[in-house]
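Descriptive analysis of the structure
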Amino acid sequence: MSELAKITISSEEIVYFLRKNIQLKELYERILSQKIIEQASRERGITVTGEEIQAEAERVRREQRLEKAADTLAWLADRMVTPDEWEAGIRDRLLQKKLAKSLFERDIEKYFAQNKLDFDRVLLYQIIVNSDKVALEILFQIEEKEISFYEAAYLYNLDERRKYSCGYEGKLYRWNLKPDIAAIVFSSQPKQILGPLQTDIGYHLFMVEEVIPAQLDLATYQKICDRLFQEWLVGETNYWLRDRTN
C-alpha cells in the first residue's frame, strides 16, 4: 500500500497510454468538437451566465442527492474533478444546448413532419431465451392462458434486468429496434404476442402494450434538435480533420 501511494501519473503518460491503445484520435476529435462549438458560439454571440451554471449545478446536486456542500466536494473528489472544472464542464454542456437551439430551432417542425414515422413509439415488453423450443412452449402457455406474459418474462428471461422488470423494455422509437423487428412490432395490435424471432442473442417474444403515435412534445423536440446538431458537428469536425491532413 505504501508503494502504491508513491505512484504518480504524468500528462505525457496519459497521452502515451491513449496512443498505444489507439484512443487518442477519439479524444482529439472530442476536444476539436468543443473548439468548434466555442467558435460558432462566439460568432453568434451566444454565452452562458453564472446564474445558468449555478442553476444547472443545483439540478445535478438534487439528482445525485448531494444535500451538503461537503457531499458535493466528496463526490467531485472521487471523480478527480475540482469544483471549478465541474462548473466549466457544465458551462460547456449549456453552451452546446444553446448553440444547437440557435442553429436548428427553425428546422425542427419541418424535420418532424418529414420524418414523422420515425417518432412513433411503442411501449414494449420482451422475453429472450436461448432455445426455439422453449420460446414456442412459452408462447403456447401464454396463448392457453396458463401464464401471463409478465409472469413468463419473470420466470424465463435470460437477462436479469428484463427478468426483474417482467420484460419491460420501455417506450421505444422505431430506430431503437432493428428494421425487421421494428416492421413487425409497429404493425402489431396491443397485447398481441409476436415471435419467436431469432437474432444473434437468442429467441425473442414481444408484446406491445401500447402504440404511441408521434407527437412533437418536448422530448421529441429535444431529440430532433440533438440529432440535427450532432450531424452538423460531425460534418464540421470531419472538415477540420481533413484540412489538418491536407
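Located above this text is the structure these notes cover.
Residues numbered from 1 in each chain as written. Predicted model: local features only at pLDDT ≥ 70, side-chain atom pairs only at ≥ 80, totals over all residues. Heavy atoms only, no water.

1. So, the pattern of salt bridges
- Across all of its chains, the model carries 15 salt bridges by this definition.
- Residue Arg-61 pairs with Glu-58 through a salt bridge whose shortest N-O separation is 2.7 Å. Of this pair, Arg-61 and Glu-58 both sit in helix α4 (residues 50-63), 3 residues apart, which is roughly one turn of the helix.
- For Glu-58, a relative accessible area of 38% corresponds to the partly exposed category.
- Across the pair Asp-200 and Lys-178 runs a salt bridge, and its minimum N-O distance is 3.7 Å. Within this pair, whereas Asp-200 is found in the loop between β3 (193-199) and β4 (202-212), its partner Lys-178 is found in the loop between β2 (168-173) and α11 (179-185), the two being separated by 22 residues in sequence.
- Residue Lys-178 is classed as partly exposed on the basis of its relative accessible area of 44%.
- What you see here is one network of salt bridges that share partners, running through Glu-38, Arg-91 and Asp-92. (Salt bridge = Lys/Arg side-chain N within 4 Å of Asp/Glu carboxyl O. Helix = DSSP H or I, 4+ residues; strand = E, 2+ residues; numbered from the N terminus. Buried < 20%, exposed > 50% of the residue type's maximum accessible area, 1.4 Å probe, protein only.)

2. Some thoughts on the packing of helix α3 (residues 24-44) against helix α6 (residues 83-104)
- Orientation of α3 relative to α6, taken along the N-to-C sense of each, is 60°, at an axis distance of 10 Å. Classified by the angle their axes make, α3 and α6 are oblique. Viewed along their axes, α3 and α6 form a crossing whose handedness is left-handed. Of α6, the residues touching α3 (which contributes Gln-34, Ile-37, Glu-38, Ala-40, Ser-41 and Arg-44) are Arg-91, Asp-92, Leu-95, Gln-96, Leu-99, Ser-102 and Leu-103.
- Its residues placed into classes, the contact of α3 with α6 shows 5 nonpolar, 4 polar and 4 charged. (Axes fitted to C-alpha atoms, helices over the stretch in contact; angles between N-to-C directions. Parallel < 35°, antiparallel > 145°, perpendicular 65-115°, else oblique. Left-handed = near helix turned anticlockwise from the far one by under 90°. Contact = heavy atoms within 4.5 Å. Nonpolar A, V, L, I, M, F, W, Y, C, P; charged D, E, K, R; others polar.)

3. Quick word on a negative patch on the surface
- Taken together, the side chains of Glu-137, Glu-143, Glu-144 and Glu-146 make up a negatively charged region of the molecular surface.
- Relative to the helices and strands, Glu-144 resides in the loop between α8 (132-143) and α9 (149-156).
- A residue is classified by how much of its surface remains accessible, and Glu-144, at 47% relative accessible area, is partly exposed. (Patch = residues over 30% accessible without salt bridge, like charges linked within 9 Å, V, L, I, M, F, W, Y side chains within 5 Å. Areas by Shrake-Rupley, 256 points an atom, 1.4 Å probe, with all protein chains shown as cover. Lys, Arg positive; Asp, Glu negative; His and termini not counted. Charge placed at Lys NZ, Arg CZ, Asp CG, Glu CD.)

4. A word on α9
- Along α9, the positions that sit buried rather than exposed are Phe-149, Ala-152 and Ala-153. The arc that holds every buried residue of α9, seen down its axis, measures 105°, which confines them to one face.
- Those residues of α9 that are buried lie in contact with β1 (121-129), α8, α10 (160-164), β3 and β4. (Arc of directions from axis to C-beta.)

5. Overview of the nonpolar core
- The biggest cluster of nonpolar side chains holds 32 residues, and the ones touching the most others in it are Trp-86, Leu-99, Phe-119, Ile-224 and Phe-229.
- At the level of secondary structure, the elements contributing two or more residues to this core comprise α3, α4, α5 (69-78), α6, α7 (108-114) and α12 (218-245).
- It is α6 that contributes the most residues to this core, 8 residues altogether.
- Among all residues touching Ile-224, those that are not within four sequence positions of it are Ile-108, Tyr-111, Phe-112, Phe-119 and Leu-216.
- With 15 residues, the next largest nonpolar core counts Tyr-125, Ala-135, Ala-152 and Tyr-203 among its residues. (Core = buried A, V, L, I, M, F, W, Y, C linked by side-chain atoms within 4.5 Å.)

6. Looking at the sheet that holds β3
- Spatially, β2-β1-β4-β3 is the arrangement adopted by the 4 strands of the open sheet, whose pairing is antiparallel. For this open sheet the edge positions go to β2 and β3, each flanked by a neighbour on one side alone. Ignoring strand direction, the axes of neighbouring strands in this sheet form an average angle of 35°.
- Of the pairings in the sheet, the one linking β1 to β4 comprises 9 bridges and is antiparallel in character. Residue pairing across strands places Arg-121 opposite Ile-212, the latter belonging to β4.
- Across the sheet, α8 lies against β1, β3 and β4, angled at about 175° from β3, the strand it touches most.
- Across the face of the sheet, α9 comes into contact with β1, β3 and β4 while running at roughly 45° to β1. (Pairing = 2+ DSSP bridges.)

7. Quick notes on the side chain of His-204
- Following the sequence through the fold, His-204 ends up in strand β4.
- Judged by its relative accessible area of 4%, His-204 falls in the buried class.
- Side-chain polar atoms of His-204 contact the side chain of Gln-126, separated by 2.4 Å.
- A distance of 2.6 Å separates a polar atom in the side chain of His-204 from a polar atom in the side chain of Thr-199.
- In this structure His-204 touches Gln-126, Ile-127, Ile-128, Leu-194, Gly-195, Pro-196, Leu-197 and Thr-199, once residues within four positions along its chain are discounted. (Polar contact = N/O pair within 3.5 Å; in protein donor to acceptor, adjacent residues only side chain to side chain.)

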